Amino acid sequence: MKIFCSRANPTTGSVEWLEEDEHYDYHQEIARSSYADMLHDKDRNVKYYQGIRAAVSRVKDRGQKALVLDIGTGTGLLSMMAVTAGADFCYAIEVFKPMADAAVEIVEKNGFSDKIMVINKHSTEVTVGPEGDMPCRANILVTELFDTELIGEGALPSYEHAHRHLVEENCEAVPHRATVYAQLVESRRMWSWNKLFPIRVQTSLGEQVIVPPVDLENCPGAPSVCDIQLNQVSPADFTVLSDVLPMFSIDFSKQVSSSAACHSRQFEPLTSGRAQVVLSWWDIEMDPEGKIRCTTAPFWAHSDPEEMQWRDHWMQCVYFLPQEEPVVQGSALCLVAHHDDYCVWYSLQRTSPEKNERVHQMRPVCDCQAHLLWNRPRFGEINDQDRTDRYIQALSTLANRNLLANWRKPCAEIARSPQVLKPDSVCLCVSDGSLLSVLAHHLGVEQVFTVESSAASHKLLRKIFKANHLEDKINLIEKRPELLTSEDLKDRKVSLLLGEPFFTTSLLPWHNLYFWYVRTAVDRHLGPGAVVMPQAASLHAVIVEFRDLWRIRSPCGDCEGFDVHVMDDMIKRALDFRESREAEPHPLWEYPCRSLSEPQQILAFDFRQLVPPRPLCAEGTMELRRPGRSHAAVLWMEYHLTPECTLSTGLLEPADPEGGCCWNRHCKQAVHFFSPVPDPRAPLGSPQTVSGLSAAPAGSLPGPETGHKAAVPEQLLRCRPRKVAVGSWEAALFPAPSSDWKAPPAALR
C-alpha cells in the first residue's frame, strides 16, 4: 500500500506531497541504523561469543539447564551463539518489528527455530509464568543495549526490570561488568564547540569585538553527549590535565539501579591549565574474571593500539564542563561523574561530594537558546576566526555593478572600485542564526536587516545584539524571507543581499541552495546594481577509497559462522528510498579516505541570476588517478563570495601525494556509496560493479512573482567499471544544461 507523505524540501523551502511505501519510516530507521557496522565489528562479536560460551559452560557445570534471555536481539546473532554454545533454550526480545521479523527469518535459515523464540515486545512488557511469554525466569542474561555513552539507549532501566522480573537472582550476565573512564583536558578547539567566543572585526576605524551575552557565557550547555571518532582529533588539539580515571562500574549480574547517582575520583592535575572538556569511553568485561574484555578506548589509552577495532556504532564521548576552571599542577581536585537513567555529565569539585552538600546533580539544561539552535559544528563554524576574516575580506572589497561587470579585473583595480559598503547602503542578511549582519554593520552599512524564521533564533540574536548595543542598529525580522514585504524593509531597496549561506533544515551540502530560491523570491526588493554575496556557488565531486567507513554499507553475508544474508537484503531494500539514493551526510574529517580521482566541478550556480525555470544539468567523465577501490563519490559545495574569495564546505586543500584528504570540520559532506561497496579483502584487480549516484533532490518551487515552476538542480552520476587493476571508472552527469541557463563567470569555472 502507498501513502502520501508531507515533506519540506530543504532546498526550495516548499512543502511537497510524495507517494511513499506505507513502511517508509521503518525503511529510514533501518537504512540509518548501525546494524551492518555491528556485524562487521569482529572484536565485539568474538568477545561476545567467548563470553557466552563461558557463561553457558558455568551454568552447565552447576548441573543446570542454560536458559538465556537476549534483550535487544537484533539479527538474533547472540541468541544463535548461545544455542551453538550449548544453551537449552533462548528467548530473544526485539521491540522493532521489522528487525524481529528479520530475526525470525535468520534464526529459521540457520536451523535454530526449535531453540530460539523471538518475542516482538519491549523487554519491560515481557511476562513470566504459565500464561506468559516465558514459562520461567532465565539464568543467563545476554544483552547489547549500549551506545557510545553506554547508558544512552536505556540500558539501566532495561537491566533493572530484567533483574526484578525476568532472570534469576545471581544469574550469569554477558557482559558481566562495564567500567566508564574519563580524562580531563584543555582544548580550545573542542571548547569552541560549546561556547561562543569573542569575534574580532577589523574595520577602518579600528578593531571591533562581537561579545557573547552573559547568559550564554554562564549557560551549562546542552545535556546531550558529543560523540566523535576521538582517534581523529590531533593530540596537538588538546592538553591532557589528568591521568585516565576509572569513574564508575556497573555489575550486570546483580540488581541494577536506574536512579540518579554521582561518582567522584580525586586526582592531581598533571599540569596547570584550564579544565574545559572531559573525554570519556568505556569497556565491558564478558566474564567475572575480566579476562574477556572489549574496549572503546582511544589509541593513547588502548592496551594494543595496533590491533584496535574500528567501529562507528560505539565511538568516544566529549563532555563539556559547565564552565572552564583553572587548575594547578599537583593541587588535588575531584572529578565527578553524574548520571540518571539515560545521560552522563561531569563536574569539577574542589572537595569530594561527600563533603560538599551543594553538588549539583540535576542534568544540565541549556537556558540561553544557543545550544538548542546551534549544534556543535555550528558553534565551531561561528567561532572560526579565519572563516570570519574571509567574509570580512570579501565584504571590504565588494564593489558595485562595476565589479560585477568585470570579473577578471586584477586585485589592484578592484581595490580602486567604488565600495558597496557605504553610508547609504541597505543590507539584507538571509541565513539562520548568522552574525553576518553584525559584520555588515561594523563595516559601515547604514541600515541592516536580518531575517529569522524561527522564534527561538530571533530571541537569541536579539540577546546578542543587545549585548553588543546593536538592538537599535540592526533590524531583526521574524518571518520567512519569501514573505518579506516593502514595509518590513521600511520601503528601502536592498543594495547588498548577504548570506553564508546556512540553514538549519539543510542536511546535504546542496540544501543550502535554498539561498538561491530566497534570492529569487526577494528580487523585487533589490535595488538597481544590488550585490549578492555569495555571488555564485559550485558543486564538486571526488571519488574516494575509505579506510574504514565502507563497512557501514558493506554486506556482511556470514558473521561468526552464521548466515545473515537476510539482514543484508533488508538493508539493501531499505536503502532504496529517495534520500538514500541521493547521498548520506558524514563529517569526513572523522573518517580517513584517499582520493582516487582529482576533484571535479560538477555544476555552477550564478546567484546574480534568478533560479532558471528548468533543471541545471551537466555531463562529463571522472578518471581515477590512483590505484585503489572506489568506495564512494563525495560531493560538496563551494561558495564564491567574490571572484577572489571562495569558501569550501569540503576539501580545503589539494590531496597529498598518497591521496590523503583534508576536509572542512564544520560541515558534513555528501557521501554516495557505490553498490555493492568494494570489499578491501577482495583482490585489487577484481572487477567491481558500481552504479547509481543521485546527488541532489528533485522538486520545484513557484516563482516569486510569475507563479512559474523553478525546478531544483538535479544531477545523476553513474559509474561503470573498467576491468583493469587500478579500477578506473567512467562518470556521466546528464541530461545536458538547459538552453536558458547562463554560465557563471569564467573566474568560477
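For the structure, see preceding data.
Along each chain, numbering runs from 1 in the same order as the chain's sequence is written. At least 70 in pLDDT is required for a residue's local features to be given in this predicted model, at least 80 for side-chain atom pairs to be given and counted, and no such filter applies to totals for whole chains, interfaces and linings, which use all residues. Think of the side-chain values as coming from all heavy atoms in the structure, minus any hydrogens and water.

Student: Give me the environment of Met-247: which residues, what numbers.
Tutor: Going along the chain from the N terminus, every DSSP run of H or I of four or more residues is numbered as a helix, and every run of E of two or more is numbered as a strand. Within the fold, Met-247 resides in strand 13 (residues 245-251). You can call Met-247 buried: its relative accessible area is 0%. For the pair Met-247 and Cys-262, spaced 15 residues apart in sequence, the C-alpha separation works out to 9.4 Å. The contact rule is simple, with two residues in contact once any of their heavy atoms fall within 4.5 Å. Residues within four places of Met-247 in sequence aside, it is in contact with Val-180, Tyr-181, Ala-182, His-263, Arg-265, Leu-335, Val-336, Ala-337 and Tyr-346. Three labels apply to residues, based on accessible area from a 1.4 Å probe with only protein chains included: buried if under 20% of the type maximum, exposed if over 50%, partly exposed otherwise in between.

Student: How would you sum up the sheet that holds strand 18 (residues 333-339)? Please name residues and give values.
Tutor: Note: two strands are recorded as paired if DSSP finds a minimum of 2 bridges between them. What the three strands build is an open sheet, ordered 14-18-19; its pairing is antiparallel. Taken across any chain shown, the strands that pair with only one partner, and hence form the sheet edges, are strand 14 (261-267) and strand 19 (344-349). For this sheet, the mean inter-axis angle between neighbouring strands, taken without regard to orientation, is 20°. Sheet analysis places strand 14 next to strand 18, joined by seven bridges and oriented antiparallel. Along strand 18, the bridge assignment pairs Arg-265 with Leu-335. Think of each axis as a best-fit line through the C-alpha atoms, taken over the contacting stretch in the case of a helix, with angles from 0 to 180 degrees between the N-to-C directions.

Student: Any chance you could break down the nonpolar core for me, citing the residues and the numbers?
Tutor: Joining through side-chain atoms within 4.5 Å is the link that ties buried Ala, Val, Leu, Ile, Met, Phe, Trp, Tyr and Cys residues into a set, and such a set is a nonpolar core. Leu-69, Phe-146, Ile-284, Leu-335, Tyr-346, Leu-348 and Met-567 are the most contacted members of the largest nonpolar core, which has 95 residues in total. Not counting the four nearest positions on each side in its chain, Met-567 is found in contact with Ile-30, Tyr-35, Leu-39, Thr-75, Met-99 and Ile-106. Ala-530, Ala-583, Leu-635 and Met-637 belong to the second largest nonpolar core, which has 44 residues in total.

Student: How would you summarise the pattern of salt bridges if you had to cite specific residues and measurements?
Tutor: Just to be clear on terms, a salt bridge is a Lys or Arg side-chain nitrogen sitting within 4 Å of an Asp or Glu carboxyl oxygen. A full pass over the atoms with the stated rule returns 33 salt bridges. Residues Lys-47 and Asp-43 are paired through a salt bridge, measuring 2.8 Å at the closest nitrogen-oxygen approach. In this pair, Lys-47 and Asp-43 both sit in helix 3 (residues 42-61), four residues apart, roughly one turn of the helix. Glu-160 serves as the salt-bridge partner of Arg-164, at 3.6 Å between the closest nitrogen and oxygen. Residue Arg-164 and its partner Glu-160 are both found in helix 6 (residues 155-165); the two are separated by four residues, about one turn of the helix. Here the salt bridges share partners, and the residues they tie into one network are Asp-41, Asp-43, Lys-47 and Arg-311.

Student: An account of the environment of Gln-316 is needed here, citing residue identities and associated values.
Tutor: Tracing the backbone shows Gln-316 in strand 17 (residues 316-327). Considering only alpha carbons, one finds Gln-316 and Ser-280, 36 residues apart in sequence, at a separation of 6.2 Å. Look past the residues within four positions of Gln-316 in its chain and what remains in contact with it is Thr-148, Cys-226, Asp-227, Ile-228, Gln-229, Leu-230, Asn-231, Ser-280, Trp-281, Thr-296, Ala-297 and Pro-298. Polar contacts, as counted here, are pairs of nitrogen or oxygen atoms within 3.5 Å of one another; within protein the pair requires one atom able to donate a hydrogen and one able to accept it, and residues that are adjacent in sequence qualify only if both atoms are side-chain atoms. Reaching out from Gln-316, the side chain makes a polar contact with the backbone oxygen of Thr-296 at a distance of 2.8 Å.

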